[in-house]
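# Coordinate inspection notes
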Amino acid sequence: MATTAEDRAKRARFVFKGTVVKLKSSTMPGLATTERTAIVRVDEIQQAPEALADTAGMEITLQLGGQKKAAPGQQYVFYANGWLFGEGIACQSIDHQPAAAAPLALAAAAGGDPVEALAQRDAHQRVESADVVVSGRVRSVSLPPAPAAAQAAALSGSTTSTAVSEHDPFVQEAEVEVDAVHKGSHSGNTLRVRFPNSRDVKWYKAPKFRAGQEGLFILHKDEAKKAPQKAAAGMVSAAAVGEEVEDGVYTALHPADFQPAEQSGAVMSAVAAATGAVVNPK
């Protein structure tokens, strides 16, 4: 089934209104051009990652996706992602539409800040897919308990271990004191959240919890089953790798999965849309 423009837009990090300056050309020396390569002036930005937030007024290279045509001098709304950075900027467009057919409105809730608009969009999407959304505070952080298989291996004197790489997540577990449940259901006063404490490029954007942090926790169970199981070097044996995280434990892997208390209000509209109510008390 073909995806809609809305589906493609959800995959775009950089959404902007731009004018095509020249086709079959590039702002980046050495970049091979094709029929789908264009120089585009960024006129107005709706949402953007930090690396592209200050590109308004700049001419960038855009690799056009799909089969839609674009004409020099015409203005479009582009749904794109960052690609190459150096002597110029190049992005890859997932889709584009004539500006008149896709009016661009900067997110009023974000105060016109494209980075904040992207962060809020991410948070709304995470709320939609979350199993439970709670407000509360981190009571403590520790290593998760070793799974039964790892404990058995340790007791038997097994020396089997898993080699540690720079991409290991170094999973830790936060105990969260729950004030209110806003989506899903949770019967206890606390819950456990596992998160990667590594600063490796693969994990550095994930939330890093510390005791006393207070805010909105957007949590998933399905991701817990797929999350890496190694806690720290030597703490979990190879026998534990691949075991599912036990019931009642959630994960926070996306940067939007925790919203500090002072910023969580902007996300509650997404909770209201997902549940039909602003708050579902504990």
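Fair warning: this is a prediction, and the values are worked out from it, not measured in the lab.

The rules behind these values
- Here, residues in each chain are numbered from 1, in the same order as that chain's written sequence.
- Residue-level local features of this predicted model are given only where pLDDT is at least 70; pairs of side-chain atoms are given and counted only at 80 or more, and the full residue set underlies all totals for whole chains, interfaces and linings.
- Each side-chain value is worked out from all heavy atoms of the structure, with water and hydrogens disregarded.
- We call two strands paired when DSSP finds no fewer than two bridges between them.
- Helix and strand assignments come from DSSP, with helices taken as H or I runs of at least 4 residues and strands as E runs of at least 2, each series counted from the N terminus.
- Fitted lines through C-alpha atoms serve as axes, helices being fitted only where they are in contact, and the angles separating the N-to-C directions of these axes extend from 0 to 180 degrees.
- With a 1.4 Å probe rolled over the protein chains alone, any residue whose accessible area is under 20% of its type maximum counts as buried; one over 50% counts as exposed, and the rest are partly exposed.
- Within 3.5 Å is the distance limit for a polar contact, defined as a pair of N or O atoms, with the added protein rule that one can donate a hydrogen and the other accept it, and that residues adjacent in sequence qualify only through two side-chain atoms.
- Every residue pair with non-hydrogen atoms within 4.5 Å of one another is taken to be in contact.
- Values of pLDDT, the confidence the predictor places in each residue, fall between 0 and 100.
- We define a nonpolar core as any set of buried Ala, Val, Leu, Ile, Met, Phe, Trp, Tyr and Cys residues linked to one another through side-chain atoms lying within 4.5 Å.
- Residues are said to line a cavity or pocket when one of their atoms sits within 4 Å of a point; the points come from a 1 Å grid over protein atoms alone, cavities being sets where a 1.4 Å probe fits but cannot get out and pockets being open sets with protein on both sides within 12 Å along at least five of seven lines.
- Grid points are joined across faces, edges and corners, and a volume is the space filled by probe spheres set on the points.
- Under the grouping applied here, Gly and all other residues not named as nonpolar or charged are polar, the nonpolar ones being Ala, Val, Leu, Ile, Met, Phe, Trp, Tyr, Cys and Pro and the charged ones Asp, Glu, Lys and Arg.

As summarised here, the arrangement of the 5 strands in space is 1-2-3-5-4, forming a closed barrel in which the pairing is mixed. Neighbouring strand axes in the sheet, compared pairwise and without regard to direction, differ in orientation by 55° on average. Here 5 bridges tie strand 2 (residues 37-47) to strand 3 (residues 59-63), and the two strands are oriented antiparallel to one another. Within strand 3, the residue paired with isoleucine 39 across the bridge is threonine 61.

Judged by how many residues are buried, strand 5 (residues 88-98) sits mostly within the fold: 8 of 11 residues are covered. Relative to strand 5, strand 4 (residues 75-86) runs antiparallel, the two sharing 10 bridges. Bridge pairing in strand 5 links asparagine 81 to glutamine 92.

Mapped onto the elements, threonine 55 comes out in the loop between strand 2 and strand 3. Within the structure, the side chain of threonine 55 is placed 2.8 Å from the backbone oxygen of leucine 52, a separation counted as a polar contact. For threonine 55, the contacting residues outside a window of four places in its chain are Phe14, Val42, Ile45 and Ile89.

Attention now goes to the confidence of the model for the protein. Across the protein, the average pLDDT comes to 80, with 74% of residues at or above 70. Summarising per-element confidence for the protein, the mean pLDDT is lowest in helix 3 (residues 148-155) (48) and highest in strand 3 (97). Segment residues 105-110 is flagged for pLDDT under 50; beyond a separation of four residues in sequence, or across chains, it makes 11 contacts in the model. Across residues 278-282 the pLDDT falls below 50, and counting only partners more than four positions away or on other chains, this stretch makes 16 contacts in the model.

What follows concerns the nonpolar core. Most often, soluble globular proteins have nonpolar side chains that are buried together. Residues Phe14, Phe16, Val40, Ile60, Leu62, Phe78 and Cys91 are the most contacted members of the largest nonpolar core, which totals 18 residues. Those elements giving two or more residues to this core turn out to be strand 1 (14-23), strand 2, strand 3, strand 4 and strand 5. With 4 residues, strand 2 is the single largest residue contributor to this core. Residues Val178, Val193, Phe217 and Leu219 belong to the second largest nonpolar core, which totals 16 residues.

Estimates place the volume of the largest pocket at around 650 Å³. Together, 22 residues line the largest pocket, and Val115, Ala119, Asp122, Pro255 and Ala256 are the ones closest to its centre. Of all the elements in the fold, those that place two or more residues in the lining of the largest pocket are helix 2 (114-129) and strand 11 (258-260). Class assignment of the residues belonging to the lining of the largest pocket gives a composition of 13 nonpolar, 4 polar and 5 charged.

So, on to the sheet that holds strand 8 (residues 190-196). Read across the open sheet, the 6 strands follow the order 10-8-7-6-9-11; overall the sheet is mixed. For this open sheet the edge positions go to strand 10 (249-251) and strand 11, each flanked by a neighbour on one side alone. Each neighbouring strand pair of the sheet contributes to a mean axis angle of 40°, computed without reference to strand direction. Of the pairings in the sheet, the one linking strand 6 (residues 132-142) to strand 9 (residues 214-219) comprises 6 bridges and is antiparallel in character. Note that in strand 9 the partner of valine 134 across the bridge is phenylalanine 217.

Attention shifts here to the pairing of strand 1. The element strand 1 is largely enclosed, with a buried count of 7 among its 10 residues. In the sheet, strand 1 pairs with strand 4 via 6 bridges, with the strands oriented antiparallel. Paired with phenylalanine 14 across the two strands is alanine 80, which belongs to strand 4. Across 8 bridges, the pairing between strand 1 and strand 2 is antiparallel. Bridge pairing in strand 2 places threonine 19 opposite arginine 41.

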